[in-house]
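So the chains spell out like this:
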Amino acid sequence: MKTIIHTYGIRVDKECLPDVFKQFNLARGLYNNIVAHISVKREQANQDLMDNSPKLQMIVAQLKELNEQFKAAKSINDEDALIAIRAKESALKKESSPLWKEARKQHKDAIALIFSSIGRTKESFTYQLRCNAVADGLGSTTADDTLDTALKAWDKVRKDGGKLSFRNVRERKQDHINIRFTCAGGIPIEVLLNNEHGMLNIKAPSHAGNRCYGEFAFRLGSAKAGKYANGTWEYHREFPKDTNVTTVRLVRKRIGEEYRYKTQQKSC
């Protein structure tokens, strides 16, 4: 079944912006809390591995010393020293790589126990962080997607010892929050256009084209909270008939000190 993504420019009413910003802040906070927990567990696992490998301890200590030397050289713009330090660091990391690999292999059961709190199961701590964010008001679909994104990033760096980065609001150019329709195959587009769904209401103008605007209401958080992002959207092209919508994404893009919004609707 072919998936189609439709993008429409929107304008969110000013009175809704505090609630919209709260959703983005909660999502970013959840991601950073998950990354913080993973980082603590990674440090714990690495310390356990070093405790069983004196050679790894020595190399890690040398790398820390080189890092301090690098900071000192950078403060006085000593380019020759910076190049030499980086070369030493590269050689030490290359030497330590097989040692880390072998240590993880020998102590995989102990490491797996340390990392058991990281996952999607209801017993895992990272899932409890997700539940806490929902209790604070984050939409459940966005919470699920945020957890999934963090765990996928963790899977990519776990084996090579890489680190996860925190999300910085000033550095991040684009974010999104989601609504997902859980029924199999999504819901018919006609249901949304007829204002028959509580999670997303869309009122389309009589025809599509430039400067043809409709209205929308995108639910923020739980139904009980009763918070919505209301506004207008440009109906520049018609929805394909006989399609089902599975996910709707409210995208926020930062341009300078301002934000621009759009919706992306995934249909099949």
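Heads up: the structure comes first, above all this text.
This report concerns the structure included in the present document. (Residues numbered from 1 in each chain as written. Predicted model: local features only at pLDDT ≥ 70, side-chain atom pairs only at ≥ 80, totals over all residues. Heavy atoms only, no water.)

1. Focus on the packing of aromatic side chains
Part 1 of the argument: Going through the model one piece at a time under the given rule, you end up with four aromatic pairs.
Part 2 of the argument: Taking 5.1 Å as the distance between ring centres and 80 degrees as the angle between the ring planes, the aromatic pair formed by F115 and W154 counts as edge-to-face. Of this pair, F115 sits in the loop between α4 (108–114) and α5 (125–135) while W154 sits in helix α6 (residues 140–158), and the two are 39 residues apart along the sequence. W154 matches F115 in its accessibility class, with the two residues each being buried.
Part 3 of the argument: Aromatic side chains W233 and Y235 sit 5.0 Å apart centroid to centroid with 65 degrees between the ring planes, which places their arrangement in the edge-to-face category.
Part 4 of the argument: Site record: aromatic cluster; members linked through ring pairs are Y8, W233 and Y235.
Part 5 of the argument: For R252, the ring lying beneath its charged end belongs to Y259, and the centroid distance is 4.2 Å. (Phe/Tyr/Trp six-rings, centres within 6.5 Å; stacked < 30°, edge-to-face > 60°. Helix = DSSP H or I, 4+ residues; strand = E, 2+ residues; numbered from the N terminus. Buried < 20%, exposed > 50% of the residue type's maximum accessible area, 1.4 Å probe, protein only. Lys NZ or Arg CZ within 6 Å of the ring centre and 35° of its normal.)

2. Things to note about the packing of α5 against α6
Part 1 of the argument: Look at α5 against α6: their axes get within 9 Å of each other, and the N-to-C directions meet at 150 degrees. Overall, the two elements α5 and α6 adopt an arrangement that is roughly antiparallel. Relative to α6, the crossing made by α5 is right-handed. Residues T126, Y127, R130 and V134 of α5 form the contact with α6, whose participating residues are S140, A143, D144 and L147. (Axes fitted to C-alpha atoms, helices over the stretch in contact; angles between N-to-C directions. Parallel < 35°, antiparallel > 145°, perpendicular 65-115°, else oblique. Left-handed = near helix turned anticlockwise from the far one by under 90°. Contact = heavy atoms within 4.5 Å.)

3. Focus: the environment of I5
Part 1 of the argument: Within the secondary structure, I5 is located in strand β1 (residues 4–12).
Part 2 of the argument: Expressed as a C-alpha distance, the spacing of I5 and Q264, which sit 259 residues apart in the sequence, is 6.3 Å.
Part 3 of the argument: Beyond its immediate stretch of four places on either side in the chain, I5 contacts R237, Q264, Q265 and K266.

4. Observations regarding the pattern of salt bridges
Part 1 of the argument: One pass over the full model with this rule turns up ten salt bridges.
Part 2 of the argument: With a closest N to O distance of 3.2 Å, K152 and D148 form a salt bridge. Of this pair, K152 and D148 are both found in helix α6, four residues apart, which corresponds to roughly one turn of the helix.
Part 3 of the argument: Overall, the relative accessible area of 48% leaves K152 in the partly exposed class.
Part 4 of the argument: The exposure class of D148 is partly exposed, given its relative accessible area of 24%.
Part 5 of the argument: A network of salt bridges, in which partner residues are shared, links R120, D148 and K152. (Salt bridge = Lys/Arg side-chain N within 4 Å of Asp/Glu carboxyl O.)

5. Some words on the side chain of Q23
Part 1 of the argument: Checked against the element boundaries, Q23 lands in helix α1 (residues 17–51).
Part 2 of the argument: Accessibility expressed as a relative area gives 4% for Q23, which makes it buried.
Part 3 of the argument: In contact with Q23, not counting residues within four places along its chain, are G137, L138, G139, I177, L220 and G221.

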